[in-house]
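Overview (structure and organization)
Take a look at the letters that make up each chain.
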Amino acid sequence: MTGQPGPARAAGLAEKYGLRRSVEVLAPAGDGEALRAAVFAGANAVYLGLRQFSARRTAGNFDEQQLKEAVAFCHARDVRVHAAVNTTAFSGELGLLAGTIRMAAGAGVDALIVQDLATAALARQMAPGLALHGSTQLTVHTLSGVRQLAEMGFERAILARELSLAEIAAITKESPIEIEVFVHGALCMSVSGQCYMSAFLGGRSGNRGECAGPCRLPFAADGSGAAHLSLKDLCAVGSLPALARAGVASVKIEGRLRGPEYVAAAVNACRKSLAGEPFDKQQLQDVFSRSGFTNGYIEGRISGDMFGVRTPEDTAASRAAMPAIRALYRREAQRVPVAFTVTVAENGCTLVAADGAGRRAEVALAGAMEPARADQRPAIEKALAKTGGTPFYSESVDFEGEPGYLPASAWNDARRAVLERLLALRSAPKAWSCAPARLPAARRHALGARQLWARFEGPEQLPAPLPGDLAGIILPLLRWREAPEALRAKTVLEAPRVMFGGMEAATAKALAEAKDAGFAGVMVHNIGHLPLAKGWKLYGGFGLNVANPLSALCWKDLGLSALTVSPETPFAEMEAIDPGVPTWAIVYGHLPLMITRACPLQNVTDCAHCNRQGLLTDRKRRRFPVRCGGGVRQIYNPVPLYMGDKLKKLPADGALAWFTLETPAEAARVLAALEKGESWPEEFTRGLYFKTPSAPGAGKDETR
C-alpha cells in the first residue's frame, strides 16, 4: 500500500522549490563555503575552478581532494558540477593541462567549461565521456558559432553577455545544443575573450585568469576622473520566465569571487523567478551592486544608464543585509525524492529507502513491535516525513505487512540511519574513464620572419606607393568593393571580430558577394566565422587566442591556412608553435585593448551628437582612443607595440603590422622601419613578448 499524502507532498515540494524545472539554475562556487550555500539554497548545478587554468585564478578554487569532496557532496544531492578549465594554455603547460583534465575526470565532474581548443582536444582524447561546454571566453555570440561548436562535439554554448533577449531567442530556436546565458552578476566591459587591457597595461591577462580589473579604475570620457568603463552589475532575474520560454537550458549567476551570502541570495531569486513568484530585488541589490543594476543588454537598451561604480552606500547596505541572507542557506533544500518501504516480518521490522536511481539502503528497527490498538501507518508516515536537515523528502511510503506499535523515537532513529546510508551511497565517486594524454611532438620554430604583412583599417589608410616587398595586405571584409583591384590577389579580407545585431547576416552576404572577386582569402577572428566562410582560404586572426601548438593544430584541422599567434604569447612559448602552416606575429600596432558593445562615450553624449570617436583619460593622464563602427567600440592602446629591431628573434613565419589609428604617411614610415629592422625613436612597448608567464598553479603534470 502506498501511504498518503506522499505523492501530493512530493509534487508540492518540487513546485515550491523549482528543483525539477527544465531550466538549470547554475551557481558560482569560488570555494567550499560558497558551494555549500549554492546547494543548500537550491541550485541545480554549480561551476567551480580548479587550482590551474581557471578564469578566476584569485578565487579560492579547489585542489584534487577538495574537488572530489565537492563532487561527492553535490552528486549526493542531484546537483551537477561543471569545472571551469577556461583559460589559454602556453606550450610548456600542456602536460599540466592534461593532468588537470585527468583530475577533473577522476573526480567525476559533469562537464568541462573550456576556452582553449587545446583543452577541448585533450578532453576528447583522454575522457570522451566528459561533456564540453564552450566558455563565454570563446566569444560565441552567433548561431553560426553555436553550430560550429555543435559540429565539434560540444554539448553546450555559453553565450556572450552582450546579447538581447530577441537575439538569444533567435539563436536558441535553431541551436542543436544547449544554450547557457548569464543572468546575474558582474559585467565585463569588453566582450569576453577579446580583452587585452589588463595584459598590456599591467601584465596580467584576463585570458589567463589573472585580470586585474583595470576597467573599474578611472577612464573618463570627459577628463573628470570618472570610471567610464565600469558597468553596473547585471540583473536579468526578472527575465528568467522569458528566457525559459525562449528555450534557454541554463541560467548562470556570475560570482566566483563573491561570498556565500551573495550566492544564496541570487540562487533564491532565480528559483522564485522561474516559479513565477516575486523575488526580493532589493535584497539582491543590498548584497552586492554597483550603483544598482542594469539589464540593458537583455532588454536591448544600450545606454549611459548601464554604467556604475561601487559606492560607500553600496558597501554599507551589504553589511546590513548579510545576517538575514544567511538564513537562506542555513538548512538545505529538500530536493531528492525517496521511497520508503516498511517490511514487517515475524523476526522483526526493516525500513528501506530507495532514491529512484537504483540505490537503496536498509536498516532493521530496534525493539519488538507491540500489538497496536489502531492503524499505525499514519503515525509512521508522519515520522518518516520529517526529513528536514537532509536533501531528501518522502515521496511515498509502502507497507508490507501490518505494523505494530513502536515509539516515534524508534522510527525517527531508523529514518535518520537509513537516510545517512542512502546519502553515503549517493556520494560514492563515479570517475570517468581516462586515457593517457597524447601531446604534440616537441618542435621548435625557426627564428626570423620571412614575410611582412600589413593590416589596414580601410583602403584610405594604404600608403602610396605600397611597399613592393609586402607579402600581402589585410582589409575589412565589409568594404571589399573599395579594395584596389590591382591588389586583390594579395589582399586578405578581415571578417568583423564580433557580429552583433545584423552583422552576422552582413558578414555572410559580403562573403558570398566577394567570393569570386579575386581575393586571397579571409581572416577569421572567432569560431562563428568558420561556417560562414566555407570555401574560402582561411587565415586566423589574433582573436582566436592561439597560444600553444595543440591549439594551433586544432585550428589547422578546422581549415586554417595560416595563424596569428596571440600577442599575449611570449617568444619563449611561441617558439614551440609550428603547426605545419605559416604562423604570424603582430610586430607593430596600437592594439585594440577592448572591443565593447556598450559605449563609454555615452557617459557624456549620445549617438546623435557623437562623431563616432573619442578619448578616455586614465588616472595617469594617458589618453586612450575610442572608435565606433559595426555596432561595437574599440579602445586602443595609446602606446604602439613595436618589434622591428627584434625581427631576427621572431619565432614566426610572418611579421604582421596592425594599423589602426595611423595616417598613410605614418603607416609608410612604420613599414620602412620594419623592412630595415630599425629601432623605433618614439615611445613604444614590447608587450608581453619577453615576459616570463606566471605559473598556472600547483598540480599534476601528465608528462611526468
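Calculation notes
Residues numbered from 1 in each chain as written. Predicted model: local features only at pLDDT ≥ 70, side-chain atom pairs only at ≥ 80, totals over all residues. Heavy atoms only, no water. Core = buried A, V, L, I, M, F, W, Y, C linked by side-chain atoms within 4.5 Å. Buried < 20%, exposed > 50% of the residue type's maximum accessible area, 1.4 Å probe, protein only. Contact = heavy atoms within 4.5 Å. Helix = DSSP H or I, 4+ residues; strand = E, 2+ residues; numbered from the N terminus. Expected span 1.5 Å × (residues − 1). Arc of directions from axis to C-beta. Polar contact = N/O pair within 3.5 Å; in protein donor to acceptor, adjacent residues only side chain to side chain. Pairing = 2+ DSSP bridges. Axes fitted to C-alpha atoms, helices over the stretch in contact; angles between N-to-C directions. Salt bridge = Lys/Arg side-chain N within 4 Å of Asp/Glu carboxyl O. Parallel < 35°, antiparallel > 145°, perpendicular 65-115°, else oblique. Left-handed = near helix turned anticlockwise from the far one by under 90°. Phe/Tyr/Trp six-rings, centres within 6.5 Å; stacked < 30°, edge-to-face > 60°.

Turning next to the nonpolar core. The biggest cluster of nonpolar side chains holds 197 residues, and the ones touching the most others in it are L35, L48, L112 and F456. Setting aside its immediate chain neighbours within four residues, F456 contacts Q461, L462, P463, L466, I473, I474, L475, P476, F659, A667 and L671. Judged by nonpolar contacts, the second largest core, of 23 residues, contains C349, V363, I380 and W411.

Attention now goes to helix α3 (residues 64–75). Spanning twelve residues, α3 covers 16 Å between terminal C-alpha atoms, matching the ideal 16 Å at 1.5 Å per step. The complete set of buried residues in α3 reads L67, A70, V71, F73 and C74. Angularly, the buried residues of α3 cover 160 degrees about the axis, an arc narrow enough to put them on a single face. The inward-facing, buried residues of α3 contact α2 (32–41), β2 (45–49), β3 (80–85) and α4 (94–107). The residue sitting at the N-terminus of α3 and contributing the capping side-chain oxygen is D63; that oxygen lies 3.3 Å from the backbone nitrogen of Q65.

This brings us to unusual backbone geometry. In this chain, A464 is followed by P465 through a cis amide linkage whose omega measures 0 degrees. Within the element layout of this structure, P465 appears in the loop between β16 (451–455) and β17 (472–476). At T139, a position not held by glycine, the phi torsion is positive, near 60 degrees. Positive phi is not limited to glycine here, since R612 has a value of about 70 degrees.

A sheet is described by the order of its strands in space; here four strands give the open sequence β14-β13-β12-β15, paired in mixed fashion. Two strands in the sheet have a free side with no partner beyond their single neighbour: β14 (360–364) and β15 (392–400). Within the sheet, the average angular offset between the axes of one strand and its neighbour, ignoring direction, is 20 degrees. Pairing geometry for strand β12 (residues 336–345) and strand β13 (residues 348–354), over seven bridges, is antiparallel. Looking at β13, one finds that V344 is bridged to C349. Its contacts with the sheet put helix α15 (residues 408–426) on β12, β13, β14 and β15, and the angle it makes with β14 is roughly 150 degrees.

Before going further, it helps to spend a moment on the pattern of salt bridges. When the charged atoms of two side chains lie near each other, side chains of opposite charge can form a pair. Considering all chains together, one arrives at 28 salt bridges under this definition. Salt-bridge contacts for R597 lead to E167; the nearest nitrogen and oxygen are separated by 2.9 Å. Separated by 430 residues along the polypeptide, R597 in the loop between β23 (592–596) and β24 (613–618) and E167 in helix α7 (residues 165–174) bring together distant segments of the chain. Taken as a pair, R597 and E167 share a single burial class, namely buried. Residues E482 and R479 are paired through a salt bridge, measuring 2.7 Å at the closest nitrogen-oxygen approach.

Turning next to the sheet that holds strand β8 (residues 219–220). An order of β8-β24-β25-β26-β23 is seen for the five strands of this open sheet, with the pairing classed as antiparallel. Two strands bound the open sheet, and with one partner strand each, they are β8 and β23. As paired elements, β8 and β24 share two bridges and run antiparallel to each other. Directly across from F219, in β24, lies its bridge partner D618.

A few words now on the pairing of strand β22 (residues 583–589). With seven of seven residues buried, β22 lies mostly within the body of the structure. The pairing of strand β21 (residues 560–564) with β22 spans two bridges and is classified as parallel. Bridge assignment links L563 to a residue of β22, and that residue is T583. Pairing of β22 with strand β28 (residues 654–658) involves five bridges; the strand directions are parallel.

The set of residues buried in helix α6 (residues 143–151) consists of L143, S144, G145, V146, Q148 and L149. In this fold, the buried residues of α6 make contact with β5 (131–134), β6 (156–158), α7, β7 (178–185), α16 (503–514) and α17 (529–532). G153 occupies a position one or two residues after α6 and carries a positive phi of about 95 degrees.

Attention shifts here to the packing of α4 against helix α5 (residues 117–126). Packing of α4 against α5 leaves a shortest axis separation of 10 Å and a crossing angle of 50 degrees. One finds that α4 runs oblique with respect to α5. The element α4 and its partner α5 pack so that their crossing is right-handed. Of α5, the residues touching α4 (which contributes L94, L97, A98, I101 and R102) are A118, T119, L122, A123 and M126.

By the element assignment, V263 lies in helix α10 (residues 260–274). The exposure class of V263 is buried, given its relative accessible area of 0%. Sequence separation between V263 and L406 is 143 residues; the distance between their C-alpha atoms is 43 Å.

According to the stated counting rule, one finds 15 aromatic pairs in the structure shown. The interplanar angle of 65 degrees and the centroid separation of 5.8 Å between the aromatic rings of Y196 and F542 together place this pair among those described as edge-to-face. One end of the pair, Y196, is in the loop between β7 and α8 (197–202); the other, F542, is in the loop between β20 (538–540) and α18 (549–557), and 346 residues separate them in sequence. Residue class for Y196 comes out buried when judged on its relative accessible area of 3%. For F542, a relative accessible area of 2% gives the class buried. With a centroid separation of 6.4 Å and 90 degrees between ring planes, the pair formed by W480 and F519 is classed as edge-to-face.

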